[in-house]
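Summary of structural features
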Amino acid sequence: MDIISAAALGASLAADAMAASFARGTKSGGSSKDALEAAFYFGAFQMLMPLLGWSIGKVGSGMFSGFDHIIAFVILLFLGIKMIADSGRDRTAESSGGRKELFLLAFATSIDALASGIALPVSLGAVRPADMFLAIGIIGAVTFVLSLTGYILGGRLRSGRMRYAGCIGGIMLIIIAVRTLISG
């Protein structure tokens with residue numbers, strides 16, 4: 001399994017979570033407890049959704065074995081383009097509220113991770129269950145760190161938005177998609 005690509009995928013998937021955490025931090029002031037709670041929610045969802053996607057992909061793996069790299073390319077390319085298109089969206093309206101809102105926000109920012117989980121065996125070489133758990137662990141850890149950082153920075157700056165985090169994440173997904181197609 002390619003650990004560097006797993007970290008890059010984690011960073012690209014975490015871009016939305018980091019931007020949302022930053023926005024929450026600007027609203028709340030960035031307390032340590034709230035920052036850790038937000039980072040936990042975002043990291044947990046970014047781990048669970050690829051696992052769910054991988055499970056869905058395993059069920060249908062026999063049907064896609066001849067062109068799985070093309071499917072992975074299309075999914076990752078679509079997600080990358082979507083992240084770039086959404087990068088300018090105002091997240092401050094999404095950022096306020098309690099645990100229920102945090103739960104929903106963590107879920108919403110991890111939907112792309114569900115689709116990426118289907119592509120993980122091809123894009124990262126996470127074929128064995130141990131490789132998959134390592135990949136989702138890396139994705140979750142990267143998301144946790146970036147979300148924590150975003151929340152703390154948002155609390156300290158209390159102004160502006162990280163508009164381009166999603167754009168950078170989308171570019172990273174497109175690079176991984178092209179690499180998957182070429183190496184497929």
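Below, the structure is looked at part by part.

Rules behind the numbers
- Residues numbered from 1 in each chain as written.
- Predicted model: local features only at pLDDT ≥ 70, side-chain atom pairs only at ≥ 80, totals over all residues.
- Heavy atoms only, no water.
- Helix = DSSP H or I, 4+ residues; strand = E, 2+ residues; numbered from the N terminus.
- Contact = heavy atoms within 4.5 Å.
- Buried < 20%, exposed > 50% of the residue type's maximum accessible area, 1.4 Å probe, protein only.
- Core = buried A, V, L, I, M, F, W, Y, C linked by side-chain atoms within 4.5 Å.
- Patch = residues over 30% accessible without salt bridge, like charges linked within 9 Å, V, L, I, M, F, W, Y side chains within 5 Å.
- Areas by Shrake-Rupley, 256 points an atom, 1.4 Å probe, with all protein chains shown as cover.
- Salt bridge = Lys/Arg side-chain N within 4 Å of Asp/Glu carboxyl O.
- Axes fitted to C-alpha atoms, helices over the stretch in contact; angles between N-to-C directions.
- Left-handed = near helix turned anticlockwise from the far one by under 90°.
- Nonpolar A, V, L, I, M, F, W, Y, C, P; charged D, E, K, R; others polar.
- Phe/Tyr/Trp six-rings, centres within 6.5 Å; stacked < 30°, edge-to-face > 60°.

What about the environment of Leu-146?
Position of Leu-146 among the secondary structure elements: in helix 7 (residues 129–157). The spacing of Leu-146 and Phe-42 is 104 residues in sequence and 9.6 Å in space, taken between C-alpha atoms. Setting aside anything within four residues of it in sequence, one finds Leu-146 in contact with Ala-11, Ala-14 and Met-18.

Concerning the environment of Phe-107
Here Phe-107 shows up in helix 5 (residues 99–109). Residue classification places Phe-107 among the partly exposed positions, given a relative accessible area of 36%. Counting along the chain gives 65 residues from Phe-107 to Phe-42, while the straight-line C-alpha distance between them is 7.9 Å. With residues near it in sequence (within four places) discarded, Phe-107 still touches Phe-45 and Met-49.

Some thoughts on the side chain of Ser-147
In this structure, Ser-147 sits in helix 7. Look past the residues within four positions of Ser-147 in its chain and what remains in contact with it is Ala-17, Met-18, Ser-21, Ala-39 and Phe-42.

Some words on the nonpolar core
Membership of the largest hydrophobic core comes to 32 residues, with the highest contact counts inside it found for Leu-9, Phe-42, Leu-76, Leu-120 and Leu-124. Looking at this core, the elements that each hand over two or more residues are helix 1 (3–28), helix 2 (32–59), helix 4 (68–86), helix 5, helix 6 (111–123), helix 7 and helix 8 (165–183).

Details of a nonpolar patch on the surface
On the surface, Leu-52, Ile-56 and Ile-118 cluster together into a nonpolar patch covering about 250 Å² of accessible area. Along the chain, the position of Leu-52 falls in helix 2.

Thoughts on the packing of helix 2 against helix 5
Look at helix 2 against helix 5: their axes get within 9 Å of each other, and the N-to-C directions meet at 35 degrees. The handedness of the crossing between helix 2 and helix 5 comes out as right-handed. Facing helix 2, whose interface residues are Lys-33, Glu-37, Ala-38, Tyr-41, Phe-42, Phe-45, Gln-46 and Met-49, helix 5 presents Arg-99, Leu-102, Phe-103, Leu-105, Ala-106, Phe-107 and Thr-109. Here the residues of the contact of helix 2 with helix 5 are counted per class, giving ten nonpolar, two polar and three charged.

Some points on the packing of aromatic side chains
Counted under the stated rule, the structure contains three aromatic pairs. Seen from their ring centres, Phe-45 and Phe-103 are 5.1 Å apart, and the 75 degrees between their planes marks the pair as edge-to-face. Taken together, the residues Phe-45 in helix 2 and Phe-103 in helix 5 connect sequence positions 58 residues apart. Its relative accessible area of 42% is what places Phe-103 among the partly exposed residues. Both rings, one in Phe-45 and one in Phe-107, keep their centres 6.2 Å apart while their planes meet at 80 degrees; by these two values the pair is edge-to-face.

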